[in-house]
Every structure is written in structure tokens, then in C-alpha cells.
Amino acid sequence: MNASSPLPPVQDQGQGQDRPANSLYGGTRNRRVTVRDIAAAKQRGERWPMLTAYDALTAGVFDEAGIPVLLVGDSAGNCHLGYDTTVPVTMDQMVMLSAAVVRGTERALVVADLPFGSYQESPSQALHNGVRLLKEAGAGAVKLEGGERAAPAIELLVQAGVPVMAHIGLTPQSVHALGGYPVQGRGEEAAHQLMRDAKAVQAAGAFAVVLEAVPAELAAQVTASLAIPTVGIGAGVGCDAQVLVWTDMAGMTAGRVPRFVKQYANLRAVLGDAARAFGEDVASGAFPGEEHSFH
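Since the structure is predicted, the reported quantities are computational estimates derived from the model, not experimental observations.

Visitor: Hey, could you run me through the overall build of the protein chain in this one?
Guide: If you tally the helices and strands in the protein chain, you get 11 helices and 10 strands. Taken over C-alpha atoms, the radius of gyration comes to 21 Å for the protein chain, in line with the 19 Å a tight globule of 295 residues would show. Expressed as a percentage of its 295 residues, the buried residues of the protein chain come to 50%. About 14,800 Å² of surface is accessible on the protein chain, with carbon and sulfur atoms providing 55% of the total. Each charge sign in the protein chain was given a centre, from 22 positive and 29 negative side chains, and these centres are 7 Å apart.

Visitor: What is the right way to look at the side chain of T247 in this model?
Guide: Within the secondary structure, T247 sits in helix α10 (residues 246-249). Here T247 is in contact with C79, H80, M252 and T253, once residues within four sequence places are set aside.

Visitor: Would you take a moment to explain the environment of L226 for this structure?
Guide: Along the chain, L226 falls in the loop between α9 (216-225) and β9 (230-233). Residue classification places L226 among the buried residues on the basis of a relative accessible area of 5%. Separated by 31 residues in sequence, L226 and M195 place their C-alpha atoms 9.6 Å apart. Ignoring sequence-local partners within four residues, the contact set of L226 consists of K42, A198, K199, Q202 and V209.

Visitor: What should I look at first to understand the packing of aromatic side chains in this one?
Guide: Inspection of the entire model under this criterion finds 2 aromatic pairs. Relative to W246, the ring of F62 has its centre 5.9 Å away and its plane inclined at 65°; by these criteria the two rings are edge-to-face. Residue F62 is found in helix α2 (residues 56-64), and its partner W246 is found in helix α10; the two are separated by 184 residues along the sequence. This pair shows no difference in class: F62 is buried, exactly as W246 is. With a centroid separation of 6.0 Å and an interplanar angle of 65°, the aromatic rings of F278 and F287 are classed as edge-to-face.

Visitor: Would you mind showing me how to read the sheet that holds strand β6 (residues 141-145) here?
Guide: Sheets are built from strands paired through backbone hydrogen bonds, the pairs being either parallel or antiparallel. With parallel pairing, 8 strands are arranged side by side around a closed barrel as β3-β4-β5-β6-β7-β8-β9-β10. Neighbour-to-neighbour, the strand axes of the sheet open up by a mean angle of 25°, direction not taken into account. Against the sheet, helix α5 (residues 123-135) makes contact with β5 (109-113) and β6, and its axis sits at roughly 145° relative to β6, the strand it touches most.

Visitor: Whenever I open this one, the confidence of the model for the protein chain confuses me. Can you help?
Guide: Detailed reading of predicted coordinates is not advised where the pLDDT is low. Within the protein chain, residue pLDDT values average 91, and 92% of them lie at 70 or more. The low-confidence segment residues 1-16, where pLDDT is below 50, has 26 contacts with residues more than four positions distant or belonging to other chains.

Visitor: Before we go on, may I ask you to explain α9 in this structure?
Guide: Every α-helix carries 3.6 residues per turn, so stepping three or four residues along brings you back to the same face. Those residues of α9 that fall on the buried side of the exposure criterion are L218, A219, V222 and T223. Here the buried residues of α9 occupy an arc of 140° about the axis, which is enough to place them on one side. Facing away from the buried side of α9 by more than 90 degrees, the exposed set consists of E217 and A224. The elements touched by buried residues of α9 are α1 (35-44), α8 (188-204), β8 (208-212) and β9.

Visitor: What should I look at first to understand the nonpolar core in this one?
Guide: Generally speaking, nonpolar side chains in soluble globular proteins are found buried as a group. Residues L70, L144, I154 and L211 are the most contacted members of the largest nonpolar core, which totals 61 residues. Residue contributions to this core peak at 7 residues, all from helix α4 (residues 91-103). Once residues within four sequence positions are removed from consideration, I154 is found in contact with L144, V164, A166, V201, A204, G205 and A206.

Visitor: Could you clarify how one ought to interpret the side chain of T105 in this entry?
Guide: Mapping T105 onto the fold places it in the loop between α4 and β5. The class of T105 is buried, set by a relative accessible area of 6%. At a separation of 3.0 Å, a polar atom in the side chain of T105 contacts the main-chain carbonyl oxygen of V101. Here T105 is in contact with R32, A59, G60, D63, L70 and V110, once residues within four sequence places are set aside.

Visitor: Please clarify how the pattern of salt bridges should be interpreted in this entry.
Guide: Between side chains of opposite charge, a pair can form as their charged atoms come close. Tallied over the entire structure, the rule returns 8 salt bridges. Of the charged contacts in the structure, one is a salt bridge between D273 and R276, with a shortest N-O distance of 2.9 Å. Taken together, the positions of D273 and R276, both in helix α11 (residues 267-284) and 3 residues apart, correspond to about one turn of that helix. Residue classification places R276 among the exposed positions, given a relative accessible area of 54%. Salt bridges here are not isolated pairs; linked through shared partners, they connect D92, R132 and E136.

Thresholds, definitions, all that
All residue numbers here refer to positions counted from 1 along the written sequence of the relevant chain. Local features in this predicted model are restricted to residues whose pLDDT is 70 or higher, and side-chain atom pairs enter the listing and the counts only when it is 80 or higher, whereas totals over whole chains, interfaces and linings include all residues. Calculation of side-chain values draws on the structure's entire complement of heavy atoms; hydrogens and water are dropped beforehand. Secondary structure is summarised from DSSP: a helix means a run of H or I of at least four residues, a strand means a run of E of at least two, and numbering begins at the N terminus for each. The atom set for the radius of gyration is the C-alpha atoms, and the globule formula is 2.2 Å times the number of residues raised to the power 0.38. When a residue's accessible area, from a 1.4 Å probe over protein chains only, is under 20% of the maximum for its type it is buried; when over 50% it is exposed; and in between it is partly exposed. Accessible surface is estimated by sampling points in the Shrake-Rupley manner with a 1.4 Å probe; for residues, cover comes only from the protein chains shown. Residues scored as positive are Lys and Arg, those scored as negative are Asp and Glu, and His as well as the terminal groups of each chain are ignored. Charge placement uses NZ in Lys and CZ in Arg. For Asp and Glu, CG and CD serve respectively. Contact between two residues is taken to exist if any of their heavy atoms lie within 4.5 Å; hydrogens are not considered. Stacked, edge-to-face and tilted are the three classes for Phe, Tyr and Trp ring pairs, Trp counted by its six-membered ring, which pair at centre distances within 6.5 Å; planes under 30 degrees apart are stacked, over 60 edge-to-face, the rest tilted. Strands are labelled as partners when DSSP assigns at least two bridges between them. Simply put, an axis is a line fit to the C-alpha atoms, just over the touching stretch for a helix, and the angle between two N-to-C directions goes from 0 to 180 degrees. The quantity known as pLDDT measures the predictor's confidence residue by residue, on a range of 0 to 100. Throughout, the arc means the angular range of directions from the helix axis out to the C-beta atoms. Grouping buried Ala, Val, Leu, Ile, Met, Phe, Trp, Tyr and Cys residues that are joined through side-chain atoms within 4.5 Å yields what is termed a nonpolar core. Two N or O atoms form a polar contact when they lie within 3.5 Å of each other; inside protein one atom must be a possible hydrogen donor and the other a possible acceptor, and for residues adjacent in sequence the pair counts only when both atoms belong to side chains. By salt bridge we mean one thing: a side-chain nitrogen of Lys or Arg within 4 Å of a carboxyl oxygen of Asp or Glu.

Here's what the structure looks like:
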């Protein structure tokens, strides 16, 4: 097969669809996904999924499922560490969580969040902490929030060899300044600013940009105007990729979830049922049985 020949299709285990062997999702690859693969997917017009992960076990499940990009998000603060927001998450925590995800995976590109306070002071601070996530955790890229204001930090990171995924629109680390989690980009001036932010992070060297809580029509316009892929979360179907927090996606989150979440399972109920069954067996003396005992 020569270099110009199309790669043979492979069977997608999840949906039974034939996908090219070089596809990000459903393809075959004996190495880590890289930012070059992400760029190639944009050129092919391929859509791909991204999920958050915070531990080796869960990350391994998603890796085996073919999810090509795993985000070690500072959303761990809300869904794993018990914080009300992402703001308290520290660099040491992100290094620990990111290293666990890397150890649990073989194929996925692992993108690690730079938490609040780890890059806002200066581009040099961003570089110092971005290098930590690559050297100490083994991440393949970092993510940071902000558009035009974050461009100098992105540029320095990329020049130093640290791939950067940008994040604009709703930026959860700015929850106190925003007064909550409102949709961003509504109105003419806000839409123009979002477009400026998107083009600024692309010019600074970001390999992709997350668009969070953005009107679908605006997100589609941004996607069409960029050479780098957009990753939507609450930004409509027009983005190149889609990301969800895994505990939302799998139904582990208690209470209300954002409108943009689709729940693909109800693991909270499954896990609760298992815990209650275990509790009943222990209380009744049914566990451990003879088959669980040593003599």
C-alpha cells in the first residue's frame, strides 16, 4: 500500500460502523494520539469525542473504548474532591491526577488542566507549571482558560514545546468574576469578542480550543473560521469535537446537570444498588460465603 492509498476501514466496536484505520475514534493506532493527529482530523472533517478522566481505572476504560483525547480537568474539584467550584484545585493535585490518567492509558492523548492561579500571574508562571504537567505527570498537552489575555502565555508554552489546548466562552475558573455560569457570546459585541479570542489563541499556537456555553450558531461560525479544531461543551453540533465531564455523561452526578449534558447511563443507581446488596449480605451473614473463605 503506497502513501497515497486510503487506509482500510476498521469495525467500530461501539456502533458497528466502518471507520478508516487512521480515525481518531474507532481507528487503530499502536501509539499515543498526538496533536498532529488532531490537526489531521480537522483537515478530514472528522468529528471526535473527548471525556474527562481523573484516575487510572476510569481512564483505562475510556482508553479501551477508543476515546482519543482524555482531559484531566480541574472539574475534578467539583466531582471528585468535594469543592463547590474549580477554584481551590492546586497544581500538586493536578500533577497527581494527571499522572494517574497517563498510567492508566496507552492510546489517548492526555490533556491536563492548568488550575486557577497557576498561569494568570505571568507567561513564565504558565511555562513553569505547564512543564511540570509534562515532566512530572507525563501529560501530552495542557489546557488553560482565556482568549486574548491568555495569548502571551500560550505563545511561550508552545515555543517551549508544550502543546496547548485553549478554552474560551464560559471559563469556570472565572466563576466569581462572572457571578455564575452564564452563556457567553450573546449580543453583537460579545460575539465579536469571542471571535477575537478564538483567533488570538490560534495565532498564539494553540492546537485546539474549547468553546463552552456558547450559542450554537456562533460556535459554528467560529469553527468555520479556524484552522484548528473546536471542542464544544454546550456549544452545539457545529464544533469539530465534543467533550463532557464523565460523571455527568455516565449518570454519576447527583441532582441537576447542565442542559447540554446527555446521560448515557445511570451509574449512580447501579453503584448504589450494588452497595445496598453488599450491605444486606453482610448484615444477614450471607457474605462471606464458603466460596469466599480460606481454610
